[in-house]
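Residue-level structural notes
So the chains spell out like this:
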Amino acid sequence: VKALVQGLTDLTNAIGLGKATYADGAANEDIDHNYSQLTPTGLRDVIEADFRERNYLWTGRLTTFAYGRDCVFTDPTLTFTGVDTFKRNLANLSPAIDALVENPTTRLFKIELKEEQDQIIAEWEMEGRIRLPWRPRIKLQGETRYTFSPSLRNKIVRYDESWGITAGEALKQILTPVTAQQSW
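Because the structure is predicted, anything quoted here is derived from the model rather than measured. (Residues numbered from 1 in each chain as written. Predicted model: local features only at pLDDT ≥ 70, side-chain atom pairs only at ≥ 80, totals over all residues. Heavy atoms only, no water.)

Some thoughts on the pairing of strand β2 (residues 78-81)
- Residue alternation in β2 divides its side chains into a buried set, Leu 78 and Phe 80, and an unburied set, Thr 79 and Thr 81.
- With antiparallel pairing between neighbouring strands as the criterion, strand β1 (residues 67-75) and β2 make up a hairpin whose turn holds two residues. (Buried < 20%, exposed > 50% of the residue type's maximum accessible area, 1.4 Å probe, protein only. Helix = DSSP H or I, 4+ residues; strand = E, 2+ residues; numbered from the N terminus. Pairing = 2+ DSSP bridges.)

So this is what it looks like as structure tokens:
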């Protein structure tokens, strides 16, 4: 599944569906946080706003200012380095997500600052119906660990996302008609 997702991401980047948006710098315009340094509590608040106000798990609209330039982003299907790579991936994937996902929702269950570990941990759920003839839904519960660096003005240096199901099970949701899926 990782190879499939990496291949699809590479293909959308090669096609460049959102190339103009990325080139214009509007792919993920930084939400106005012009802080010289975020406190750990302020960083937690920024991440919470990305969930609650920007639905970033679906839209990709996160506050890039809060991330170090070389932040490592990892989820069960993909790993890449750099905020610029994040912005490029977003610009190219957003048109497909906008066209294929209906009613994308994110629920933030918990967000906790663990200052002694330089981490913020968020527990969440994302759900959406896919616009395919068999009307599948995808529903994931997960956790994201944001590791920040006090020496980099509390910017996030690692983004580690894990899911309550395997990447294969998530793919199976997309391939399964909604009538055959569990009742949600």
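Observations concerning the side chain of Thr 144
- On the secondary structure map, Thr 144 appears in strand β5 (residues 137-149).
- Using a relative accessible area of 0% as the deciding quantity, one classes Thr 144 as buried.
- A polar contact of 2.9 Å, which involves the side chain of Thr 144, links it to the side chain of Trp 124.
- Not counting residues within four places of it along the chain, the set of residues in contact with Thr 144 comprises Tyr 56, Ile 120, Ile 121, Ala 122, Trp 124, Tyr 159, Asp 160 and Glu 161. (Polar contact = N/O pair within 3.5 Å; in protein donor to acceptor, adjacent residues only side chain to side chain. Contact = heavy atoms within 4.5 Å.)

Examining the sheet that holds strand β4 (residues 119-130)
- Read from one edge to the other, the open sheet built from six strands follows the order β2-β1-β6-β5-β4-β3, with strand pairing classed as mixed. With one partner strand each, in any of the chains shown, β2 and β3 (101-114) form the two edges of the open sheet. Between one strand axis and the next, the sheet turns through 15 degrees on average, direction left out of account.
- Relative to β5, β4 runs antiparallel, the two being bridged by 11 bridges. Paired with Ile 121 across the bridge in β5 is Arg 145.
- In the packing of helix α3 (residues 40-52) onto the sheet, contacts are made with β3, β4, β5 and β6 (155-163), and the angle to β3 comes to roughly 165 degrees. (Axes fitted to C-alpha atoms, helices over the stretch in contact; angles between N-to-C directions.)

Considerations on the nonpolar core
- If you look at the biggest cluster of nonpolar residues, it comprises 35 residues, and the most contacted ones within it are Phe 51, Tyr 67 and Tyr 146.
- In this view, Tyr 67 contacts Leu 62, Phe 73, Val 83, Tyr 146, Lys 155, Ile 156 and Tyr 159; residues no more than four positions away in its chain are not counted. (Core = buried A, V, L, I, M, F, W, Y, C linked by side-chain atoms within 4.5 Å.)

Remarks on helix α6 (residues 167-175)
- If you check which residues of α6 are buried, you get Ala 167, Ala 170 and Gln 173. All buried residues of α6 project into a common sector of 110 degrees when viewed along the axis, lining one side. The exposed set on the far side of α6, more than 90 degrees from its buried face, consists of Lys 172 and Leu 175.
- At its buried positions, α6 is contacted by β5 and β6. (Arc of directions from axis to C-beta.)

Structural notes on the packing of aromatic side chains
- In total, this model carries six aromatic pairs according to the counting rule given.
- The positively charged end of Lys 155 is found above the aromatic ring belonging to Phe 65, 3.8 Å away from the centroid. (Phe/Tyr/Trp six-rings, centres within 6.5 Å; stacked < 30°, edge-to-face > 60°. Lys NZ or Arg CZ within 6 Å of the ring centre and 35° of its normal.)

With respect to the confidence of the model for the protein chain
- The pLDDT averaged across the protein chain works out to 83; a share of 78% of its residues lies at or above 70.
- Per-residue pLDDT stays below 50 along residues 4-8; that stretch engages in four contacts with residues further than four places along the chain or on separate chains.
- Scored below 50 in pLDDT, residues 20-33 makes 28 contacts in the model with residues more than four places away or belonging to other chains. (pLDDT = per-residue confidence, 0-100.)

What to know about the pattern of salt bridges
- For the structure shown, the criterion picks out 14 salt bridges.
- Across the pair Arg 131 and Glu 102 runs a salt bridge, and its minimum N-O distance is 3.7 Å. Placement of Arg 131 in the loop between β4 and β5 and of Glu 102 in strand β3 is noted, with a sequence separation of 29 residues between them. (Salt bridge = Lys/Arg side-chain N within 4 Å of Asp/Glu carboxyl O.)

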